[in-house]
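# Reading the structure
Letter by letter, the chains look like this.
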Amino acid sequence: MTYLAKPRLHHPALQTNKVGYTRRDYEGKVSTLCAGCGHDSISAAIIQACWELDIEPHRVAKLSGIGCSSKTPDYFLGASHGFNTVHGRMPSVLTGANLANRDLLYLGVSGDGDSASIGLGQFAHAMRRGVNMVYIVENNGVYGLTKGQFSATADRGSKSKKGAINRDSPVDLIGMALQLGATYVARSFSGDKAQLVPLIKGAIGHGGAAFIDVISPCVAFNNHAGSTKSYDYVREHNEAVNRIDFITPRSEITTDYAPGEVVEVLQHDGLMLRLRKLHEGYDPTDRLAAMNHVQMHQARGEVVTGLLYVDPDASDLHAALNTSATPLNTLGRGDLCPGAQALAGLNAALR
Amino acid sequence: MKRIESVNDFVVKFANVNGSGSASANELFAKAILRMGVPVSPRNIFPSNIQGLPTWYEARVCEKGYLGRRGGVDMMVAMNPQTWDADVAEVDPGGYLFYDSTRQLPPSSFREDLHVIGMPLTAICNATYEDARQRQLFKNILYVGALSMLLGMDAQVIETLFSEQYRGKERLLESNVRALNAGREFARDHLDPIGLQVRASKKVGERIFVDGNSAAALGCVYGGATVAAWYPITPSSSVAEAFQKYCSKLRVEPSTGMNKFAIVQAEDEIASIGMVVGAGWNGARAFTATSGPGVSLMTEFIGLAYFAEIPVTIINVQRGGPSTGMPTRTQQADLLSCAYASHGDTKHVLLFPEDPHECFEHAAAALDLADRLQTPVFLMTDLDIGMNQRLCEPFVWDDARQYDRGKVMTAEELEAGKDFGRYKDVDGDGIPWRTLPGTHPSRGSYFTRGTTRDPYARYSERGPDYVYNVQRLLKKFETAATLVPQPVLRKAARKTRLGVIYFGSTSPAMNEALDSLTEVGIHLDALRLRAFPFPESVAQFLAEHESVFVVEQNRDAQMRSLLVNELEVDPSRLVRVLHYDGTPITARFITEAITDHVHAEASTPKRKARSTVQEQAV
C-alpha cells in the first residue's frame, strides 16, 4: 500500500556513494503494481542509475501523467519532489518546471497510453522543443489501470484479454522521437537491466531531450503469445545495436567490455558515452541511419534496442530561449522589477 | 435644418475597410485631440477577418471625461461603400456625414436631416500619388487633415505626433505632413464650417493612453512573472506579445545579455496552462493569457492546480461566446465558466479590472494572490479594455513593495524541525505551507497529484481525509475574500433604497449613467465589484438595499447568479440589466434600462416586478 512508508532503517555497513547515500536512499514507497510488472524493474534501474551517478535524490524532480507507469515515481527517489499530473500532459508540466529551475534533473515517466494516445501531441512538442530531461515511456501496449484496453502502441491484429481484436496500426514512439529532433533516443527492455541502467545514466548526462522507450511487459493484460510486448517475444527478438557505458571524466572506467570495436562519444558537458558496437557500422550519431535501421528491423519483427541516436552537441530549450544561468525561481524583486523610475519613463511614452 | 453644435463633446465614427491602413490614421486623430488636453475614448469595432471586411473606429470626445460609449454618432466618416446604408442611418439627426465624393452618389443615398461633407479623396490621391498603396494610405491622412481643419484642431499637434512616429525616417515624415496639409487646405478652401469643434483644454492631465493588454503585460513584468506560456487567440494575443516586448527591454541581464524570463508559444492552450502549472509548482511566477475557448481547454489543468494547490495566473480577455461566438466582439460572459472551472467542487479567484490602470495593478496583484493562496487566479478583462486604448491614471509602483511569495518553507525552517505537512492547515486560514523541489536533502519533499490525500500529502481515499481537504479549500476561499481587491462604493447624494452593482469594463459607461440618472431624479448607491470571492461588504450592500440592479454584459446574468449562489440573497431583489450584442455597453443603455424599471415600478407600486428583465433589444 502506497500510504505505508517503507522503513528507512538499513544496515550501517551498506555501501554509500560519493554523496554519502546508500542505494536504499534512492528507493520510494512500496509498489502497488502487480507482482512481476516490468515497470518495477524500470524503477529499480532508475534507482541504480541515480545511485551510481552520485545524484542527490532531492535534486531530482520526477513527473508523470496518469496510468500504471505514472504511478511509479512514487516508488523511487522518495526524497525527491514528485508530481503526478493529468493524463498525457506530463510533458508540458515538466517543461514549465524546467523553465522555472534549470538546475534540477527532470525525470518524466510515462506510459504508452499516456504518451502515444492522449499525450501524443505533448510528447511530440516536448521532443521538438529540446527540453532537458529524461523521458521514459514504460511501454506495454495496453491500458493496465482500466484493465486491458489497447493503447496506441498495441500491435495490429493482437487480441485483448477480453477477446477484442486491434484494428489500428501501432504508433512507434522511437521513430517519432527521431524524426522530431530528440537528441538522445534509446530503446530497451525492462528485463535487461544490464542494458537499461547505462542507457538511463547516459540520458541523465545528456544535455537535451533524452527519450528512452522501454518495453515493459504487462503481466496481467499483455504478456501472452503473439504480443510483441511480452517477455518471451522481446527476449527472443531483441536486437541490440550496441552496449553503452557511461563515464564521468573523473571516474575510473570500471566496466570491462569484451574486445570489439569501441566508440567514445564525448557530450558537450564533458560526460562520456562509451559504446561497444555489436553491429558493425552502426553509427549512433547518424539520425537518418538510425531511422532506417529501426524501420528495417521492425519489418522483420525484431526489436532493436540500445542507444539508437545521440547528438553529443545537443543544446536545450534554455539555450534556445537564452535564459539566464540563474534559475528563474530564485530571482527576487530586485532582479525582476524594473522599478518606479522606469515606470515613470513608460508612463511618459504613453502620453 | 437642425445642426448639432458642440465643443469638445461629440462622437465621431470612422467606417473603414479592414486592411486599408486606416487604423493608424484614426488613432492619430484621437491622439491629436488628447494632446490638445481633451479626453477621448476610442473603440475599435472590427471583424474576425484579416482583410476586406468592414471595420469601425468610434472616437468619443468628451471634455467632462466620460470614457464609456455614449451611444449615437454625431459625425460619420463613411469610407466603406459596403456598410453605407447602415452607417448613414446611425448618425443622429442634425449630424454630419463625411464621405469620399470622387464618385457622384444619388440623393437617395443620403438623409435629409444630415449635413453632408463631400471630399474627392480618391481623385486627389490618384492625382498626387503613383503607387497604389500610397494612394490608399494617404487617403486616410487626407481625411484626418480635413477633419482637423473642420474641427479647428491644432495642426502643429499632429505634426509633432508625426515627428515622434517617424523619428529617423525623414522621408516618411515629410510625405505624411504634406498629405496632412493637403487635407487641411482642401477643407479650408472648399468645405463649409461645421458645428463640432475641438478647443484646447486641460482635462487630460497626467493620464496615459494605453490598451489593457499592454497594461496587464506590464503588470506581469512588475509583478515578477518569469514564465509565460501562451497560445494565440483573439483578443488576448497581444498580452503575450507585449510581455515579450517589455521583457526584452526591461529584463535582460546587462552583463551577459541573457534573459531573466522565459516565454513559450505552446502548441495549444492545454500545453500553455500545463507549463504554467509546472512553473508554479517549481516556484516561478507564471501566467498564461487566453480567451473563453482557451479557458475551456484549460479546465482540466485548472482543476489540478486548484486541488494540488499550485499558483497559476490566467489572464482571460473575454470575447463573445459561446463556442467561437463573436471572436472580435466584447462580452463579460465567462464568469461562471471561470469561477467554477473544472469538474467536482471547485471555486476560483477572479479579479475584475475596470481599465488599463487596474489591468496593471491587478495583474501584479494576481501574481501575489496566486502565490499567497496557492491556487489559480483569473484576471478577467475583456476585448473592450484589452484591445482598446483608454485614457487612465498613470501606472504607479512603490519601490518599497515586496512580492508576497506566500508560505514557502525554506531549507533553514525545515532544518530547524518545523513540521511540514503539505496539505495541513497550520495557521487556521486554510492555506498550507509548501516547499519547492530541491530545497532540502531529507526533509520537505512530497508527492503531489490530483488525487486526494491526507494532510501530509500521502495518498488516501479515506472519507475524513477527503473532507478535511475540501473543507480546508473552502476556508482558503474565505481567506481569499479578505485578500482580494475590495469593492468600490459610490454613495448617492441622498439616502436611497436602490443600489446598482457592476464590474470591469462597464465602469466608464456606468459612471456616466449614474450622473444621468441623478439628473432625472433616480438616486442609486453603486458598488463596483473588483473580485470574486465577494468580500463581506458585498453582502452588506445587498442587505442595505431593497432592490439592486446588476449590470453586466452577458445574456444569462452570470454575476447575478454568482451573487445569488454565493451570498444566498433573495433573487427577486436583484434586477437584471443585460447588454450582450458584442458592442461595449453604453451610458444611454444603462440609463434607459434603469429609468424604465424605476418608472414601471412607480406606476404599479404593488406589482411584484423586482426581477424584471431589462435587456437590450436585439
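Residues numbered from 1 in each chain as written. Chains lettered and ligands numbered in written order. Predicted model: local features only at pLDDT ≥ 70, side-chain atom pairs only at ≥ 80, totals over all residues. Heavy atoms only, no water.

The name an unreviewed UniProt entry gives chain B is 2-oxoacid:acceptor oxidoreductase subunit alpha, with Rhodoferax sediminis as the organism.

Named according to an unreviewed UniProt entry, chain A is 2-oxoacid:ferredoxin oxidoreductase subunit beta originating from Rhodoferax sediminis.

Summing up its helical and strand segments, chain B has 19 helices and 24 strands in all. Expected size for 618 residues packed as a compact globule is a radius of gyration near 25 Å; at 27 Å, chain B falls within 12% of this value. For chain B, the spread of C-alpha atoms along the three principal axes comes to 85 × 75 × 40 Å. The buried share of chain B, reckoned over its 618 residues, is 62%. Looking at chain B alone, contacts between residues at least 24 apart form 75% of all its contacts between residues at least 6 apart. Surface accessibility of chain B: about 23200 Å² in total, with carbon and sulfur atoms responsible for 51%. (Helix = DSSP H or I, 4+ residues; strand = E, 2+ residues; numbered from the N terminus. Rg over C-alpha atoms; globule rule 2.2 N^0.38 Å. Buried < 20%, exposed > 50% of the residue type's maximum accessible area, 1.4 Å probe, protein only. Contact = heavy atoms within 4.5 Å. Areas by Shrake-Rupley, 256 points an atom, 1.4 Å probe, with all protein chains shown as cover.)

Overall, mixed pairing links the nine strands, which are arranged E9(A)-E13(A)-E7(A)-E8(A)-E4(A)-E3(A)-E1(A)-E2(A)-E17(B) in an open sheet. Strands with a single pairing partner mark the edges of an open sheet, and in this sheet they are strand E9 (238–240) of chain A together with strand E17 (447–449) of chain B. In this sheet, adjacent strand axes meet at a mean angle of 20° when their direction is disregarded. With four bridges joining them, strand E7 (residues 184–189) of chain A and strand E13 (residues 303–310) of chain A adopt antiparallel strand pairing. Pairing of alanine 186 of chain A across the sheet is with leucine 307 of chain A, part of E13 of chain A. The strands that helix H9 (residues 269–281) of chain B touches are strand E1 (60–64) and strand E2 (81–84) of chain A together with E17 of chain B; relative to E2 of chain A, the one it contacts most, it runs at about 155°. (Pairing = 2+ DSSP bridges. Axes fitted to C-alpha atoms, helices over the stretch in contact; angles between N-to-C directions.)

To describe a pair of aromatic rings, one takes the distance between the centres and the angle between the planes. Using the criterion set out here, one finds 25 aromatic pairs over all chains in the structure. For the pair tyrosine 21 of chain A and tyrosine 26 of chain A, a centre-to-centre distance of 5.9 Å together with 75° between the ring planes defines the contact as edge-to-face. Residue tyrosine 21 of chain A shares its accessibility class with tyrosine 26 of chain A, and that shared class is buried. With a centroid separation of 6.0 Å and 50° between ring planes, the pair formed by phenylalanine 420 of chain B and tyrosine 446 of chain B is classed as tilted. On the criterion of sequence distance, the pair formed by phenylalanine 420 of chain B in the loop between helix H14 (411–415) and E17 and tyrosine 446 of chain B in the loop between H14 and E17 is long-range, its members being 26 residues apart. Comparing phenylalanine 420 of chain B with tyrosine 446 of chain B, the two get one shared label, buried. (Phe/Tyr/Trp six-rings, centres within 6.5 Å; stacked < 30°, edge-to-face > 60°.)

We now examine the packing of helix H1 (residues 22–35) of chain B against helix H5 (residues 155–165) of chain B. To describe two helices that pack against each other, one gives the angle between their axes and the distance between the axes. Residue and element names in this part refer to chain B. Contact pair H1 / H5: the axes reach a minimum separation of 9 Å and the direction vectors enclose 120°. Taken together, the axes of H1 and H5 are oblique relative to one another. For the element pair H1 and H5, the recorded crossing hand is right-handed. Touching Leu28, Lys31, Ala32 and Arg35 of H1 are Val157, Ile158, Thr160, Leu161, Phe162 and Glu164, all from H5. (Parallel < 35°, antiparallel > 145°, perpendicular 65-115°, else oblique. Left-handed = near helix turned anticlockwise from the far one by under 90°.)

Before going further, it helps to spend a moment on the interface of chain A and chain B. Contacts between the two partners involve 58 residues from chain A, matched on the other side by 69 residues from chain B. Overall, the association of chain A and chain B removes approximately 5400 Å² of surface from exposure, summing both partners, and the carbon and sulfur fraction of that is 60%. In this structure, the connection of chain A to chain B is made through four salt bridges. For aspartate 74 of chain A, the salt bridge is made with arginine 449 of chain B, and the minimal N-O distance between the two is 3.5 Å. For the side of chain A that touches chain B, the secondary structure elements donating two or more residues are E1, E2, helix H3 (90–100), helix H5 (120–129), helix H11 (333–336) and helix H12 (339–349) of chain A. Broken down by element, the side of chain A that touches chain B gets its largest block of residues, seven residues, from H3 of chain A. Here the residues of the side of chain A that touches chain B are counted per class, giving 26 nonpolar, 24 polar and eight charged. As paired strands, E2 of chain A and E17 of chain B are joined by three bridges and run parallel to one another. Bridged to phenylalanine 83 of chain A within E17 of chain B is threonine 448 of chain B. (Buried area = accessible area lost by both parts, 1.4 Å probe. Salt bridge = Lys/Arg side-chain N within 4 Å of Asp/Glu carboxyl O. Nonpolar A, V, L, I, M, F, W, Y, C, P; charged D, E, K, R; others polar.)

All names here are of chain B. Read across the sheet, seven strands follow the order E11-E10-E12-E13-E15-E14-E21 without closing on themselves; strand pairing throughout is mixed. The strands lining the two open edges of the sheet, one partner per strand, are strand E11 (262–265) and strand E21 (531–532). Taken together, the three bridges between strand E14 (residues 349–351) and strand E15 (residues 376–382) define a ladder with parallel strand orientation. The residue bridging valine 349 from the neighbouring strand is valine 377, located in E15.

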